[in-house]
Amino acid sequence: MSLIQHSNANVRYQQQVDNSINYVLPFIDAAMPVTPDLRIMEIGCGEGGVLIPFLEKGCHCVGVDLSDDKIALAHDYLKQYVDAGNMQLINKNIYDVDFLGEFKHSFDLIILKDAIEHIPDQAKIIGYLKNLLTPRGQVYFGFPPWYMPHGGHQQTCESKVLNMMPYIHLLPNPLYRGVLRAFGEPPNIIAELMEIKETGISIERFERIVKEQGYKITSKQFYLINPIYKYKFGLKPRLQSGLVAAIPFVRNFFTTCVYYMIKAQ
């Protein structure tokens, strides 16, 4: 079966909160101090747990997600902040004209946590974010490089064998699809995993897109063991060695998570 957080929203939300408090917020705060005057948006906010430490610091936050079910859950979890006027939850596409009309150059910080690897045409969205940033604004990205052991999100598989098997997502498409079918994965999971195979992003491609879209990297951090693996696999988070992090392409296979902060030049 897939991991409990993939089917239990309460567990997923609590893990989001804990991960954000202990890892996401400290990384962002080191690059740009998180103060109560910041306006923050998270794209692909899900249940909203990532925003909790920022709300607790008094920031005004906007959470956006295309899933109306997740936005409904976020309303339940973040009700006190919504009622207080510190939190907006929006079920909308950020490319919508009325969204841009309301939020053009509004955000000092935009968060994409485990989101960019699911988004088609990543150059388009990274470039588009400039329209939503204030002059001092920065964007945080946290994502698993595509070539890392579980870069295909196969941990969502129902099969206990497949959800622990590293690197199988690197198989050619027909063979990968055949393996998923052979182990009895349902069509919806197969479709999702094949879609991720089309949108997965490497360290090098991300950095190339950032440069081409007119940004500079203000901070980055690579993990040998992703902080969220303490929930998924009981592993202690561990930073990647400087030597491995400096080797292009090879580093993708042994780096399970990267954090970036970028700013428009």
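Relevant structure appears above.
The rules behind the values
Residues numbered from 1 in each chain as written. Predicted model: local features only at pLDDT ≥ 70, side-chain atom pairs only at ≥ 80, totals over all residues. Heavy atoms only, no water. Helix = DSSP H or I, 4+ residues; strand = E, 2+ residues; numbered from the N terminus. Contact = heavy atoms within 4.5 Å. Areas by Shrake-Rupley, 256 points an atom, 1.4 Å probe, with all protein chains shown as cover. Lys, Arg positive; Asp, Glu negative; His and termini not counted. Charge placed at Lys NZ, Arg CZ, Asp CG, Glu CD. Core = buried A, V, L, I, M, F, W, Y, C linked by side-chain atoms within 4.5 Å. Buried < 20%, exposed > 50% of the residue type's maximum accessible area, 1.4 Å probe, protein only. Phe/Tyr/Trp six-rings, centres within 6.5 Å; stacked < 30°, edge-to-face > 60°. Lys NZ or Arg CZ within 6 Å of the ring centre and 35° of its normal. Polar contact = N/O pair within 3.5 Å; in protein donor to acceptor, adjacent residues only side chain to side chain. Pairing = 2+ DSSP bridges. Expected span 1.5 Å × (residues − 1). Bend = angle between axes of the 7 residues up to and from the residue.

Peer 1: Explain the overall build of the chain to me, please; I cannot follow it from the model alone.
Peer 2: Helix and strand counts for the chain stand at twelve helices and eight strands. Along the longest, intermediate and shortest principal axes, the C-alpha atoms of the chain span 50 × 40 × 35 Å. Considering only contacts in the chain between residues 6 or more positions apart, those separated by 24 or more positions represent 71%. Within the structure as shown, the chain displays about 11,800 Å² of accessible surface, and the carbon and sulfur contribution to it stands at 56%. Within the chain, one finds 26 positive and 26 negative side-chain charges whose respective centroids are separated by 7 Å.

Peer 1: Mind showing me how you'd approach the nonpolar core here?
Peer 2: Here is a general trend for soluble globular proteins: nonpolar side chains tend to be buried in one another's company. With 34 residues, the main nonpolar core has M41, I110, L112, I126, L129, L132 and F141 as its most contacted residues. If near-sequence neighbours (up to four positions away) are discounted, M41 is found in contact with V62, V64, F99, F107, L109, I110, I111 and L132. With 32 residues, the next largest nonpolar core counts M32, L38, L51 and L109 among its residues.

Peer 1: Would you explain the packing of aromatic side chains in this entry?
Peer 2: The way to describe two aromatic rings as a pair is by their centre distance and the angle between their planes. Evaluated as defined, the whole model comprises 19 aromatic pairs. Between F206 and Y260, the aromatic rings sit 4.7 Å apart at their centres with planes inclined by 45°, giving tilted as the arrangement. Here F206, found in helix α9 (residues 203–212), pairs with Y260, found in strand β8 (residues 257–264); they are 54 residues apart in sequence, far enough to count as distant. The two residues F206 and Y260 agree in class, both being buried. Through a chain of ring-to-ring contacts, three or more aromatic side chains come together here, namely Y23, F27, Y140, Y223 and Y259. Between the NZ or CZ atom of K130 and the centre of the ring of Y215, over which it lies, the distance is 5.2 Å.

Peer 1: Quick question: what am I supposed to make of the side chain of N163 here?
Peer 2: By the secondary structure assignment, N163 is in the loop between β5 (133–143) and α7 (173–182). The exposure class assigned to N163 is buried, which follows from its relative accessible area of 5%. Among the polar contacts made by the side chain of N163, one reaches the main-chain carbonyl oxygen of C157 at a distance of 3.3 Å.

Peer 1: Please explain the pairing of β8 as it appears in this structure.
Peer 2: Put simply, side chains in a regular strand alternate between the two faces of the sheet. Burial runs high along β8: seven of the eight residues are buried. Across five bridges, β5 lies against β8 in antiparallel orientation. When the sheet's bridge partners are listed, F141 is paired in β8 with Y260. As paired strands, strand β6 (residues 215–225) and β8 are joined by eight bridges and run antiparallel to one another. Bridge pairing links K220 to Y260 in β8.

Peer 1: I tried to follow helix α1 (residues 9–31) on my own but got confused; where do I start?
Peer 2: Quick reminder: α-helices carry 3.6 residues per turn. Residues three or four places apart thus point the same way. With 23 residues, α1 extends 31 Å from end C-alpha to end C-alpha; this agrees with the ideal 33 Å at 1.5 Å per step. Of all bends in α1, the biggest is about 50°, found at S20.

Peer 1: Hey, could you run me through unusual backbone geometry in this one?
Peer 2: Residues apart from glycine generally show negative phi values, whereas peptide bonds are mostly found in trans. We note that H105 has phi near 50°; this positive angle belongs to a residue other than glycine. For H105, the position within the fold is in the loop between α5 (97–103) and β4 (107–113). Looking at H105, the relative accessible area reads 43%, which means it is partly exposed. Even without being glycine, F249 reaches a positive phi, approximately 65°. Note that F249 resides in the loop between α11 (242–245) and α12 (250–254). Exposure remark for F249: the relative accessible area of 42% places this residue in the partly exposed category.

None of the figures reported here should be taken as evidence of function without further support.
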